[in-house]
Amino acid sequence: MKADVSKFEGCLLGLAIGDALGMPFEGWRPAWIRSKLGGRVRDMLPCPDRNLGKGQWTDDTKMALHLCRSIIRKKGRFDPADAAASYVEWFESGDLRGIGRATLESIMRLRQGKPWTESGKTGEFAAGNGSAMRAAPIGLLNCTDMEALKRNSRDDAVITHNNPEAVAGSRAVNFFVARGVTQAGPAAARPHLIDECIAFIGPCQVAERLARAKELLAENMPCSTALNILGASGFVVETVASAVFCFLKTPDNFEESVVSAVMGGEDADTTAAVCGAISGAWNGTWKLPKRWVDTVEASEELRSIAGQLMDFSGAML
């Protein structure tokens, strides 16, 4: 039978919800978040300093949406040149809501006429999470074709982050997304998936940090302690491992996973967005808190896009 559309919706809504929950706390230390809230995050909050209201999200979801729109415009095909043009369209709209340096520099090169194969930032400072944070639509589109997923994850990443760790991070995120939407439910979400992901992405720092996350899961480490060890900065090696840890710690509890990701602080919106995309893909919309689904910006548009991606994916259960 056809795949459950709620899993496709859950992935995109989960990404946006995680982004919106973490948005007010981007750059904060965990202790500052706890002090500000008198405990843990419970609901979405506005951020007047960023001119963003309750439920609004940042560049993480903006770029994911523009990737979706490119795929839909190309009738279910990922075309890196068109995706690059879509990212330029986002930039030229002026509604940036934050933009990483590597992404900004790459878009400037695209606007100057550089092809997508040459636009991405290279070197160690290109190992940011700007590609992993937006990658999930490819995991949905290619959920039944892992070779296409591997290839398209790479091509999307190098548009802005031409670095092997950034590529590995996008592939890892999409591995978990694809496995989620093709499974019957979160019962199959166990730490052994990390080993399968490592085999899929190959030797790299992302793989090493994921292996460390598996060790911490085996030790039953609390999320707050684990994220302090794994890291929650803008470094993709840290982001992916921390997001996966939060998901696998409570694989059937979307709210707990995403809140734990936010409480890790630092690049809180991105860690939570990646965790939300993965958890949403495994759990589906019905396991997402209704108050968040109703509040998050562009909820209906995200649902509509998710349905189109499912149709293009040809996913079967």
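Before reading further, recall that the structure is shown in the block above.
As the structure is a computational prediction, the values presented were derived from the model and not from experiment. All residue numbers refer to position in the chain's written sequence, counted from 1. Local features in a predicted model are, by the rule used here, given only for residues with pLDDT of at least 70; side-chain atom pairs are given and counted only at 80 or more, and totals for whole chains, interfaces and linings are based on all residues. Side-chain measures here rest on the full set of heavy atoms in the structure, leaving out hydrogens and waters.

Caption draft 1: Geometry of the pattern of salt bridges. Just to be clear on terms, a salt bridge is a Lys or Arg side-chain nitrogen sitting within 4 Å of an Asp or Glu carboxyl oxygen. Tallied over the entire structure, the rule returns 24 salt bridges. Notably, a salt bridge pairs Arg97 with Glu297, separated by 2.7 Å at the nearest N-O pair. Linking Arg97 in the loop between helix 4 (80-93) and helix 5 (101-111) with Glu297 in the loop between helix 16 (290-295) and helix 17 (299-313), this pair joins segments that are 200 residues apart in sequence. Taking relative accessible area as the criterion, Arg97 reaches 14% and is therefore assigned buried. Each of Lys62, Asp95, Arg97 and Glu297 takes part in a single network of salt bridges with overlapping partners. Each helix is a run of DSSP H or I of at least 4 residues and each strand a run of E of at least 2, with the numbering of both proceeding from the N terminus. A 1.4 Å probe rolled over the protein chains alone gives each residue an accessible area, and that area as a share of the maximum for its type sets the label: buried under 20%, exposed over 50%, partly exposed in between.

Caption draft 2: Highlighting the side chain of Asp60. Among the secondary structure elements, Asp60 is positioned in helix 3 (residues 59-73). Positive charges come from Lys and Arg alone, negative charges from Asp and Glu alone, with His and the N- and C-terminal ends not counted. No salt bridge is formed by the buried Asp60. Its closest oppositely charged neighbour is Arg50, at 7.0 Å. We define a polar contact as two N or O atoms separated by no more than 3.5 Å, with the added condition that, inside protein, one atom must be a possible hydrogen donor and the other a possible acceptor, whereas residues neighbouring each other in sequence contribute only through side-chain atom pairs. A distance of 2.9 Å separates the side chain of Asp60 from the side chain of Thr58, its partner in a polar contact. A polar contact is formed between the side chain of Asp60 and the side chain of Thr270, at a distance of 2.5 Å.

Caption draft 3: Inspection of the packing of aromatic side chains at higher detail. Any Phe, Tyr or Trp ring, taking Trp's six-membered ring, that has another such ring centre within 6.5 Å forms a pair; planes under 30 degrees apart are called stacked, those over 60 apart edge-to-face, and the others tilted. Within the structure shown, the criterion is met by four aromatic pairs. Judged by centre distance (5.3 Å) and plane angle (90°), the ring pair of Phe25 and Trp28 falls under edge-to-face. Ring geometry for Phe175 against Phe176: centres 5.4 Å apart, planes inclined by 85°, an arrangement best described as edge-to-face. Phe175 gets classed as buried once you look at its relative accessible area, which sits at 5%. Here, over-ring charges are defined by two tests on the NZ atom of lysine or the CZ atom of arginine: distance to the ring centre within 6 Å, and angle to the ring normal within 35 degrees. The lysine or arginine in question, Lys150, covers the ring of Phe200, its NZ or CZ lying 4.7 Å from the ring centre. The aromatic ring of Trp286 is capped on one face by Lys287, whose charged end is 5.2 Å from the ring centroid.

Caption draft 4: Broad picture of helix 3. Counted at 1.5 Å a residue, the expected span for helix 3 with its 15 residues is 21 Å, and the 21 Å between its end C-alpha atoms agrees. Extensive coverage of helix 3 is indicated by the burial of 12 of its 15 residues. Turning to helix 3, its buried residues number three or more, namely Asp59, Asp60, Thr61, Lys62, Met63, Ala64, Leu65, His66, Leu67, Cys68, Ser70 and Ile71. Downstream of helix 3 by a residue or two, Lys75 has a phi angle that is positive, lying close to 60°. For a helix, the expected span equals 1.5 Å multiplied by the residue count minus one.

Caption draft 5: Geometry of the side chain of Lys121. With respect to the element layout, Lys121 can be found in the loop between helix 6 (116-119) and helix 7 (136-141). Classification of Lys121 as buried rests on a relative accessible area of 18%. By the convention used here, residues are in contact when the closest approach between their heavy atoms is within 4.5 Å. What Lys121 contacts, discounting residues up to four positions off in sequence, is Ala102, Glu105, Ser106, Arg109, Ala126, Thr160, His161 and Asn162.

Caption draft 6: Region of interest: the state of the cysteines. Note that a disulfide, as used here, is simply two cysteine sulfur atoms within 2.5 Å. Summed over all chains, the structure comprises zero disulfides. There is no disulfide at Cys68, and the cysteine sulfur nearest it, in Cys11, is 8.6 Å away. Just so you know, Cys223 is unpaired, no disulfide at all, and the nearest cysteine sulfur is the one on Cys246, 4.2 Å from it.

Caption draft 7: Geometry of the environment of Leu248. Residue position: Leu248 is located in helix 13 (residues 236-249). With a relative accessible area of 6%, Leu248 lands in the buried category. Counting along the chain gives 55 residues from Leu248 to Leu193, while the straight-line C-alpha distance between them is 9.3 Å. When residues no more than four places from it in sequence are discounted, the contact partners of Leu248 are Phe176, Ala189, Arg190, Pro191, Ile194 and Leu217.

Caption draft 8: Molecular detail of the nonpolar core. Grouping buried Ala, Val, Leu, Ile, Met, Phe, Trp, Tyr and Cys residues that are joined through side-chain atoms within 4.5 Å yields what is termed a nonpolar core. In terms of nonpolar packing, the biggest core is built from 103 residues, with Ile17, Phe176, Ile201, Val206, Leu210, Val240 and Phe245 touching the most fellow members. A per-element tally of this core places helix 13 first, with 10 residues. Those residues in contact with Phe176, other than ones at most four positions away along the chain, are Leu193, Ile194, Cys197, Val244, Leu248, Ile278 and Trp282.

Caption draft 9: Geometry of helix 13. For helix 13, spanning 14 residues, the distance from its first C-alpha to its last is 20 Å, which sits close to the expected 20 Å at 1.5 Å a residue. Burial within helix 13 is extensive, with 13 of its 14 residues counted as buried.

These figures capture arrangement, not role.
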